Amino acid sequence: MQKKKFPRTKLQWIWDNIAGLRVVFILAIVGTLFYNLLQLTVPFFSQMIVDRFLTGDNAAVHFQENKGEFFTLIAAMIGFTLLRALIVYIDCMAYEHVSQRALFRIRNYLFEKIERQDMHFYNEYRTGDLMTRLTGDLDAIRHNIAWVIRMIIECFALFTVVSIYFFSMNVKMALCIVAMAPVIFLIVFTFRKKVAPMHALLREKHAQMNTAAQENISGNRVVKAFSREDYEIEKFDQSNHDYAETNKKTRLVWVKFFPFVETCANLLPVILLWVGGTLLMKDEMTMGEYVAFSGLMWAIANPMRLLGNILNEFQRFSAAADKVMEIYYSEPSIVDAPDAIDHPDRFKGKVEFRHVSFQYEDSGLPVLEDISFTAAPGETIAIMGETGCGKTSLIQLIPRFYEPTKGQVLVDDMDVSKLKLQQLRTSIGMATQDVLLYSDTIDGNIAYGDLNISKENVLKVSRYAAADEFISKMPDGYNTIVGERGVGLSGGQKQRISLARALAIRPSILILDDTTSAVDMETEKQIQKSLSELDFPCTKIIIAQRISTTKTADHILILQHGKITEQGTHNELIRKGGYYADLVALQTGKEEMVHG
Ligand code: DGT
Ligand code: MG
């Protein structure tokens, strides 16, 4: 996988995203340094107690004469320990606060990014993958802010502070202990190189597993229809297994390195005994110092042991951040032009294609070639052609879901690429081929494009769409909640709600992609009649398969393999005796042709 370049490094990116909380974060870091400094108090006081009251020639006398000092030292030890516990608590809360806020902010930002992306993005990324980035991957980033960064600072602070303290007490002893550090660094560095790609793979497997789950849940009806439950369960089991295996392998990498680190850490007490013992015998070190060394040995050994774990977590963060930042810094390619024309007035609804060719970015074949036609304001244009000939692709160029590879698409004589996307799209009412309704009331679904629409207008557009009758018969009428994707409604009912939704915005241009394919002839006639009697001016571009839908159109386009092969009115095309005439013959029998 090619590594993407981002404008900011991962840590700079986190810094950007904790704006407003930076002071808290810095204070938290200072807190971490401080409570690690406080680690020194207990061994420091122990050293004093041992040297003054427990060892030495006149320790007993000293103790009798200075009891007060002895208890003050003990009380100070307890006091500092409690203080440290308090600071650790506040510090952890501060990290948690910053990380949760950052998580919240990044998640909202990412959602907005995803929401504003163009069609190309949605072709490229799968839902399950995006969901993983919004959840699991983001959590790895939160964990990095709340724990990994703190642990890194803690380890280095502890190691540094204790090393300085060791050197201040006894240089020879300190040197012998700190000499172990470079060995550990070498081991951990080698580990990092091995584990980094494992984490990238792990994030990938995680996304794949979630995608499998998501596709199965949303496509469960197909699974049921084909009775493929066992197959899907097995397939998911495989994904789950892959993920678990990769997880295990990633963990096992550290297992290979761990014995070396552990050996180094375990050697430290041996070094202390050996070198410290010799120094004690030579009187180059006091017993108190020895106790301090011994009591603080963990502060050198623990960071060594923890480093692998921290690095592992940091690599997990790094792999997750790559995935999240990819979306964070992604930009849709279809955006408002810098010199976009402001068009606050209602569009008249003229649509023109001028020598338009089109091809999807991810495919090598042209879908549309040299398409030219004009729809005058208020006209009805019908587009017909066999499946896969490019009808849906063609209409998607009008609201600029995609850009033509050649030629121009114009609305009201202005190139759509020069119009403000929002103004253009809110002027186009579109009922797409596969209807998607939200889990909301029918009323809410119809009012989706215009939340301020009045009740009467919802009723009116529903009547236009011949939907009022069946909606009124439902137990809760317009307040009936439809399930996810419109579950609970028939195909034809969903199509009519989708048509009502498109009409509710009173569009200048209405685009219907096979919208009446699932409704009966009688209802379709009714819809056609009301579409010709709309109480607002509207150009209609209608994709249909039935002659009954298209024959009253002002202009019919026949699309074959991405090219317009015939165009004209119903009668003109019948006279021409081509594809359309054949279609009429096929659908209505010969009499219709004769009586035209
Ligand atoms: P229909 O709805 O079955 O009657 O067919 P049309 O005429 O609406 O066909 P259309 O425009 O959906 O597809 C035309 C060709 O483009 C067909 O070969 C499939 C291909 N195609 C459609 N959508 C995409 C897409 O998102 N990406 C790529 N690479 N190809 C697509
Ligand atoms: Mg289509």
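Only a predicted model underlies this, so the values are computations on that prediction, with no experimental measurement involved.

Caption draft 1: Summary view of the overall build of the protein. Of the regular secondary structure elements, the protein holds 23 helices and 10 strands. Here the C-alpha atoms of the protein give a radius of gyration of 36 Å, more than 25% beyond the 25 Å that 2.2 N^0.38 yields for 596 residues. With respect to the principal axes defined by its C-alpha atoms, the protein has extents near 130 × 50 × 45 Å. Taking all 596 residues of the protein together, 49% fall into the buried category. Here the contacts in the protein between residues at least 6 apart in sequence split such that 77% fall between residues at least 24 apart. Accessible surface for the protein amounts to roughly 30500 Å². Of this, 59% is attributable to carbon and sulfur atoms. In the protein, 64 side chains carry a positive charge and 69 a negative one; their mean positions are 3 Å apart.

Caption draft 2: Main features of the coordination of the magnesium ion (ligand 2). Bound to the magnesium ion (ligand 2) are the protein donor atoms Thr392 (OG1) and Gln433 (OE1), situated 1.9 to 2.2 Å from the metal. With a gap of 41 residues between them, threonine 392 in helix 13 (residues 391-395) and glutamine 433 in the loop between strand 6 (428-431) and helix 15 (442-446) connect regions that are remote in the sequence.

Caption draft 3: Just the sheet that holds strand 4 (residues 406-411), in detail. Ordered in space as 2-1-4-5, the four strands form an open sheet in which the pairing is antiparallel. Both edges of this open sheet fall to strand 2 (368-375) and strand 5 (414-415), since each of them pairs with a single strand only. Where strand 1 (residues 351-358) meets strand 2, five bridges bridge the pair, whose relative direction is antiparallel. Within strand 2, the position partnered with valine 356 by the bridge is isoleucine 371.

Caption draft 4: The arrangement of the domain arrangement of the protein in detail. Parsing the protein into structural domains produces domain 1 (10-328), domain 2 (345-427 + 510-517 + 536-596) and domain 3 (429-506). Each of domain 2 and domain 3 has a C-alpha centre, and the two are 25 Å apart. Contacts between the two partners involve 16 residues from domain 2, matched on the other side by 11 residues from domain 3. Summed over both partners, the interface of domain 2 with domain 3 comes to about 1300 Å²; 58% of that surface belongs to carbon and sulfur atoms. When the buried surface of domain 2 facing domain 3 is broken down by residue, Leu510, Thr515 and Phe536 rank first, second and third, together holding 44% of it. Summed over the shared surface of domain 2 and domain 3, the number is zero salt bridges. At the surface where domain 2 touches domain 3, the tally comes to eight residue pairs in polar contact (both at pLDDT 80 or more).

Caption draft 5: Fine view of the pattern of salt bridges. In the structure shown here, the tally under the stated rule is 32 salt bridges. Residue arginine 133 pairs with aspartate 129 through a salt bridge whose shortest N-O separation is 3.0 Å. Here arginine 133 pairs with aspartate 129, and both are found in helix 7 (residues 127-169), just four residues apart, close to one helical turn. Take aspartate 129: its relative accessible area is 12%, and that puts it in the buried class. Between lysine 473 and glutamate 469 there is a salt bridge; the shortest N-O distance is 3.5 Å. Taken together, the positions of lysine 473 and glutamate 469, both in helix 17 (residues 468-473) and four residues apart, correspond to about one turn of that helix. In this structure lysine 473 comes out as exposed when scored by relative accessible area, which is 65%. It is possible to trace a salt-bridge network through shared partners that takes in Asp129, Arg133, Glu204, Lys323 and Glu326.

Caption draft 6: Spatial organisation of the packing of helix 1 (residues 10-17) against helix 12 (residues 287-328). Put simply, helix 1 and helix 12 touch, their axes get as near as 11 Å, and they point 65 degrees apart. Of the two possible hands of crossing, helix 1 and helix 12 adopt the one that is left-handed. On helix 12, the residues that touch Lys10, Trp13, Ile14 and Asn17 of helix 1 are Phe317, Ser318, Ala321, Asp322, Val324, Met325 and Tyr328.

Caption draft 7: Just the site of ligand 1, in detail. Near ligand 1, the surroundings consist of 15 residues, among which Thr387, Lys391, Thr392, Ser393 and Gln433 are the closest. Take glycine 388: an N or O atom from its main chain is 2.8 Å from an oxygen atom of ligand 1. At 2.6 Å, a side-chain N or O of threonine 392 approaches an oxygen atom of ligand 1. By residue class, the composition of the shell around ligand 1 is four nonpolar, nine polar and two charged.

Caption draft 8: Focus on a nonpolar patch on the surface. A contiguous nonpolar patch, built from Phe34, Leu37, Leu83, Leu86, Tyr89, Ile90 and Met93 and spanning about 680 Å² of accessible area, is present on the exposed surface. Where the nonpolar patch is concerned, the elements lending two or more residues are helix 2 (22-37) and helix 5 (67-115). Counting residues per element, the nonpolar patch draws most heavily on helix 5, which supplies five residues. Here phenylalanine 34 shows up in helix 2. Given the relative accessible area of 38%, phenylalanine 34 is considered partly exposed.

About the criteria used
- The numbering scheme is per chain: residues are counted from 1 as the chain's sequence reads.
- The lettering of chains begins at A and the numbering of ligands begins at 1, in the order of writing.
- A pLDDT threshold of at least 70 governs which residues receive local features in this predicted model, and a stricter bar of 80 or more applies before side-chain atom pairs are shown or counted, although totals over entire chains, interfaces and linings include all residues.
- Excluding hydrogens and water, the side-chain values take into account all heavy atoms of the structure.
- By the criteria applied, helices consist of DSSP H or I runs no shorter than four residues and strands consist of E runs no shorter than two, each listed in order from the N terminus.
- Taken over C-alpha atoms, the radius of gyration is set against a globule rule of 2.2 Å times the number of residues to the power 0.38.
- Only protein chains enter the area calculation, which uses a 1.4 Å probe; residues under 20% of their type maximum are buried, those over 50% are exposed, and those in between are partly exposed.
- Residue contacts follow a heavy-atom distance rule, with two residues in contact if any of their heavy atoms lie within 4.5 Å.
- Here, Shrake-Rupley sampling with a 1.4 Å probe gives the accessible areas, and only protein chains in the shown set may cover a residue.
- Asp and Glu count as negative and Lys and Arg as positive, but His and the ends of the chain are not part of the count.
- To locate a charge, take NZ of a lysine, CZ of an arginine, CG of an aspartate or CD of a glutamate.
- Distances up to 2.8 Å from the metal define which N, O and S atoms are donors, and 3.2 Å serves for Na, K and Ca; water is absent from the atom set, so sites may look incomplete.
- Strand pairing requires that DSSP identify at least two bridges connecting the strands.
- Where each domain starts and ends comes from a domain assignment, either automatic or drawn from a database.
- A simple way to read buried area is as the amount of 1.4 Å-probe accessible surface that goes missing from two parts once joined, with both sides added.
- Note on definitions: salt bridges are taken to be side-chain nitrogens of Lys or Arg within 4 Å of carboxyl oxygens of Asp or Glu.
- Polar contact is defined as a pair of N or O atoms within 3.5 Å, subject to the rule that within protein one atom must be able to donate a hydrogen and the other to accept it, and that residues adjacent in sequence are counted only when both atoms are side-chain atoms.
- Helix axes are fitted only over the stretch in contact, all axes being lines through C-alpha atoms; the angle between N-to-C directions runs from 0 to 180 degrees.
- The sense of a crossing depends on the near helix, which, turned anticlockwise from the far helix by less than a right angle, makes the crossing left-handed and, turned clockwise, makes it right-handed.
- The cutoff for a nearby residue is simple: one of its non-hydrogen atoms must lie within 4 Å of the molecule or strand.
- By the convention adopted, Pro, Cys, Tyr, Trp, Phe, Met, Ile, Leu, Val and Ala count as nonpolar, Lys, Arg, Asp and Glu as charged, and the other residues, Gly among them, as polar.
- Two joining distances apply to patches: 9 Å for like charges and 5 Å for nonpolar side chains (Val, Leu, Ile, Met, Phe, Trp, Tyr), and every residue must have over 30% relative accessible area and no salt bridge.

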